[in-house]
Amino acid sequence: MGSESQRLLCPTLVARDEELAMLAGLLASASAGKGATILIGGDAGVGKTALVRRFADGARAAASRVLVGECTEIEARRPLGPFMQIVEDARRSGWIRAEDAQRATPLPQGDVDATSRPRLYQGLVRILAGIARSSPLLIVIEDLHWADEATLELFQYLPRHTRAERIVLVGTYRVDEIHRRHPLRAVLSNLSAARLISKLDLAPLDRTATARVVRETLRLPRDIPATFRDALYERCEGNPFFIEETLEAMKARGMLRYRDGIWLGAEESALALPESIRDALQRRLEQLPDESRRVLRVAAVIGQRFDFDLLMAIARVTERELVEVLRAAIDMQLVIENHARGAFAFRHALTRECILAELLEPEQRAWHRAIGLVLEQREDAAELTEELAYHFDAGGERERAFAAHLKAADRARSLAAFRHLIQHLHRALDLAGRDEETIPLYSRLAEAEAFFDLAKGERAWEDVYQRAIAANRTWEAGVALGRIGAHQVTNSSPRAAESLSRAIEILEAFGDSKELAHAHDFLGQWHIYNGEIELGLRAAARAVEIAERLGERVRVLNARITMALVPGEAERAIAVCRSAIDEVRASDAGRDDYGAAARGASGPLWRFYSQLFTAQTSMLSPAREALLDEWQAWADSVDYPDGFLYSNRAKYAVGRGDFDEALEFLAKCVDESSYTVTDQVLEAFVLVARGGPSAGAVLLERVGAMTLRPGAANAILREVAQIHLLVGDLAAVVAQPGADARWSNPNLGKAIITALHAARMLGDSAEATAWSAATEALRARRDFSRFAGSYADAERDIDAGHIDEAARALAAIAEALEQFDTPAMSTRLRLRLAEILRERDPRTARDQVARVFAFWRKAKATWYLAELERWARERHFEVPDDSARRESIRPSKALTERELDVARLVALGLTNKDIADRLVISERTAEGHVQRILDKLGFRTRSQIAAWHASAR
């Protein structure tokens, strides 16, 4: 084919040198073991794919490995589609073994909860890390705006778990597709707040670059006239794809003439441009024969990507005919071939959209039906449930679409992809015929809603209950009420007891059942949590009785733990939890009464370990660290990345002053299914201590915007109160815990001590009296909460002038708070102790101040150390010397004065952009300074720079 008949394409990547340099820098860092993630955003056609392809070509040339996954609007129905595609490509390339690839395939059907995906993700991280050991690995996920729920969660998971690997993760997305409620927006926000990604907003070309694109595309010896450049710029707005399409349309209309290797005509400034890009594409399509256009229309109905054999079968053409059609489409740059997968794709989504616009709705429906029927006969039809659901739905095949949506729902559940599960069940219910049994479907939907959102789950079970009552389905009504009551217990709803009692009344008529034992167990929890101990113990004992008759050992153990949750009896709770763990772990893996639990699944053992750790914590047990190690060993042995375990390890690390370790554990538990609000508050605490109030502002703002269930809200507010205490906002501390939080948790000592201290320091006698009164009911307890009464007594002793008694109590309470992982409140008490003993016992006062400084220096809390120094100077305390420590951490390579300035700003939590603004330099220069600091100090993360700066002060 002659040059004059080939598609007009710009042979070079224009005006993207800085972007390519930035990407190359990330790859160079990855080669040194510093993984990176970058998100590239821009409008459709602005050149995201062209940039990434050029980068990928350069990476391959530099002996890196490249894997590309694509999201499409059709395949958004397939959980983890682009990552499954990547794993398959890696297997075909011989980079991983087939058995290793199974780690990144859907999990078996069965009882799956939100812990399933983290296990799957951990397996995928291991695969990718293994590939990257041989050479740096570039992973590209294109068009994230079309990604499914699980893909977005995994994309959010990877940056935290590949930071120490030779991996660069690149994601592209259309900025114009990200509306306010788009799920990708939350992913971008989370990753940006955690400083885990770089962002690159690909701007349209300016007028000069537009002229260069035209000159390179038409192979002109000189720039085009300014009038033509301006007309083209106004029409295409600097969009490279639109510029190429417009030039191609001009060629098709005879406005451009080919002569001696160049295209003439652009110099004629009076040329009229096509009215729209759609017009340009339509004119190009009109150059194809009718039969070729028909085949491409079928391909467009299949999707953005399409399989050769499937297209041949649906379009009813021979292999030779289809090859010729695709060859012509490729020559015209309408279609591209993916050699790695033997598949094809439209070069741009706009191309496919333009082709689809030619089809009438009945034509599209007929093709969708035909595609579904062919896919249904394929050997791999079981793996194509989402495609079958999509095509049969669009093809008007109600019964087939109904069945396909149910199968797709099963697949989504196997991946714990709850949003997809919910969507498929909703659609199945829409398609259900009059004879279909829908109450089980509504029950499945309610279960899925509860996994994803507890409040929605409760409402969905309410709907199941009403439907069951209307249909006179008493059993289903009782089960639904039991689930409603369980959610209400979790949400601290006052209606829980009524719902569970009614559920028990209904279910009792059907004899013993797991559902009946479940309802009794949760009723027991409700009564115990609300101080109705005898009622709670009777209900839990009834659950044990029923579960034992049924042989439901796990339910027996759960109910026994419920019976041990009596406030103030932590020693008994420890013994019961330990017994439950030992029984399950020692059981035969094949026994039906344990089932998956004995094989190491997360559910029961997860609860038993978490309850045991909570009980040990409330007792200030010295065995906590040993238990964490045991819990960790179990989680590792069953390949289970336990987010709650990592969260507890992070909290324990904060209590010991090892903030670096805390951040490492928090990084392991950050993903949509395990990144709890508590984790975000804990991370904010560390960031505030090191960088000041603004450093944790983004995380705290996000927490404040969340709608939390009452029980969780109270717990979170108590944790947020510690941050307010850290920054000295005592009024907020008094306001946060709230009167309704005082009895909803057995470990309220910390909250009451914090609130009472803040009220006392503010001189708010009414609040101080109220909180002092709240301590009386806790005095007889043997767990940590008893210290609340001791603190109230200590404050009264201070008022009465009994300083020695107060000092002994404050020291003991501060020691307990440190073991309870509450350094902010412990610090306040030690400083208060130092103040009241300054004249009476200056040596002890100095010792208390020294202990405080030692803790926060170990934590490398730059900002808070500065606050402590200010506090000490104002009260004429000597700041403890730390010169030996500063000398021990002196870097092997000295930083320049400018690098020291940048390190200081990094320690304050500033982004590269903020640093650039502060120092009046470019953002790229700031980024370079940070990278050099990392290299000189041998660090991988900005938090390590902050920690070093705190220690070096």
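Residues numbered from 1 in each chain as written. Predicted model: local features only at pLDDT ≥ 70, side-chain atom pairs only at ≥ 80, totals over all residues. Heavy atoms only, no water.

(A) View of the overall build of the protein. Per the secondary structure count, the protein includes 47 helices and ten strands. The burial tally for the protein puts 56% of its 953 residues in the buried class. Intrachain contacts of the protein at a sequence separation of at least 6 include 68% that bridge at least 24 residues. Approximately 39900 Å² of the protein is accessible, and the part contributed by carbon and sulfur atoms is 49%. (Helix = DSSP H or I, 4+ residues; strand = E, 2+ residues; numbered from the N terminus. Buried < 20%, exposed > 50% of the residue type's maximum accessible area, 1.4 Å probe, protein only. Contact = heavy atoms within 4.5 Å. Areas by Shrake-Rupley, 256 points an atom, 1.4 Å probe, with all protein chains shown as cover.)

(B) Representation of the sheet that holds strand E5 (residues 198-201) within the structure. The five strands lie next to each other as E2-E3-E4-E1-E5, forming an open sheet whose pairing is parallel. Two strands in the sheet have a free side with no partner beyond their single neighbour: strand E2 (65-70) and E5. With direction set aside, neighbouring strand axes in the sheet form an average angle of 15 degrees. When E2 meets strand E3 (residues 137-142), the two strands line up parallel, connected through six bridges. Looking at the pairing, valine 68 lines up with valine 140 of E3. Strands E2 and E3 of the sheet are contacted by helix H3 (residues 81-92), whose axis makes an angle of about 145 degrees with E2. Of the strands in this sheet, strand E1 (36-42), E3 and strand E4 (167-174) are in contact with helix H6 (residues 149-161), which crosses E4 at around 150 degrees. (Pairing = 2+ DSSP bridges. Axes fitted to C-alpha atoms, helices over the stretch in contact; angles between N-to-C directions.)

(C) A look at the packing of helix H12 (residues 290-302) against helix H16 (residues 361-376). Following both chains from N to C, one finds H12 and H16 inclined at 70 degrees, their axes separated by 10 Å at the closest point. As judged from the angle between their axes, H12 and H16 are roughly perpendicular. Of the two elements, H12 crosses H16, and the hand of that crossing is right-handed. Across from Arg294, Val298, Val301 and Ile302 in H12, the residues of H16 making contact are Gln364, Trp367, His368 and Ile371. Along the lines of polarity and charge, the residues of the contact of H12 with H16 split into five nonpolar, two polar and one charged. (Parallel < 35°, antiparallel > 145°, perpendicular 65-115°, else oblique. Left-handed = near helix turned anticlockwise from the far one by under 90°. Nonpolar A, V, L, I, M, F, W, Y, C, P; charged D, E, K, R; others polar.)

(D) Examining empty space enclosed by the protein more closely. According to the stated counting rule, one finds five cavities of 30 Å³ or more in the structure shown. Within this model, the largest cavity holds a volume of roughly 150 Å³. Of all elements in the fold, only helix H30 (643-656), helix H32 (677-691), helix H34 (710-727) and helix H40 (823-837) reach the threshold of two or more residues within the lining of the largest cavity. Among the elements that line the lining of the largest cavity, the one with the most residues is H32, at four residues. Looking at the lining of the largest cavity residue by residue, the class counts come to six nonpolar, three polar and four charged. (1 Å grid on protein atoms, 1.4 Å probe; cavity = no way out; pocket = protein on both sides within 12 Å on 5 of 7 lines; lining within 4 Å. Points joined across faces, edges and corners; volume = space filled by probe spheres on them.)

(E) Local environment of the packing of helix H26 (residues 553-563) against helix H27 (residues 570-586). Between H26 and H27, the shortest axis-to-axis distance is 9 Å and the interhelical angle comes to 170 degrees. On the basis of the axis angle, H26 is roughly antiparallel to H27. Contacts between H26 and H27 involve Arg553, Leu557, Arg560, Ile561 and Met563 from the first element and Arg572, Val576, Cys577, Ala580, Glu583 and Val584 from the second.

(F) Broad picture of helix H2 (residues 48-61). For H2, built from 14 residues, the straight-helix expectation of 20 Å at 1.5 Å per residue is met to within 8% by its first-to-last C-alpha distance of 20 Å. Here H2 has its buried residues at Lys48, Leu51, Val52, Phe55, Ala56 and Ala59. What you see down the axis of H2 is that its buried residues fit within an arc of 130 degrees, all on one side. On its buried face, H2 is in contact with helix H1 (17-31), E1, E2, E3, E4 and E5. (Expected span 1.5 Å × (residues − 1). Arc of directions from axis to C-beta.)

(G) Layout of helix H37 (residues 765-774). Residues of H37 that are buried: Ala768, Trp771, Ser772 and Ala774. Within H37, the buried residues cover an arc of 155 degrees as seen down the axis, which keeps them to one side. Exposed and facing more than 90 degrees away from the buried side of H37 are Ser765, Ala766, Thr769 and Ala773. Those residues of H37 that are buried lie in contact with helix H36 (749-762) and helix H38 (786-800).

(H) Seen up close, the nonpolar core. If you look at the biggest cluster of nonpolar residues, it comprises 110 residues, and the most contacted ones within it are Ile141, Leu144, Phe306 and Leu311. Grouped together as the second largest cluster of nonpolar side chains are 76 residues, Ile723, Leu726, Ile798 and Val849 included. (Core = buried A, V, L, I, M, F, W, Y, C linked by side-chain atoms within 4.5 Å.)

(I) Local environment of the packing of aromatic side chains. The tally for this structure, following the rule as stated, stands at 15 aromatic pairs. Between the aromatic rings of phenylalanine 308 and phenylalanine 344, the centroid separation amounts to 6.2 Å while the plane-to-plane angle is 40 degrees, which identifies the pairing as tilted. One end of the pair, phenylalanine 308, is in helix H13 (residues 308-315); the other, phenylalanine 344, is in strand E10 (residues 343-346), with 36 residues separating them in the sequence. Residues tyrosine 646 and phenylalanine 665 carry aromatic rings whose centres are separated by 6.3 Å and whose planes lie at 20 degrees to one another, so their mutual orientation is stacked. Here tyrosine 646 is found in helix H30, whereas its partner phenylalanine 665 is found in helix H31 (residues 659-668), with 19 residues between them in sequence. Note on tyrosine 646: relative accessible area 5%, which makes it buried. (Phe/Tyr/Trp six-rings, centres within 6.5 Å; stacked < 30°, edge-to-face > 60°.)

All quantities given are derived from atomic positions and should not be read as evidence of function.
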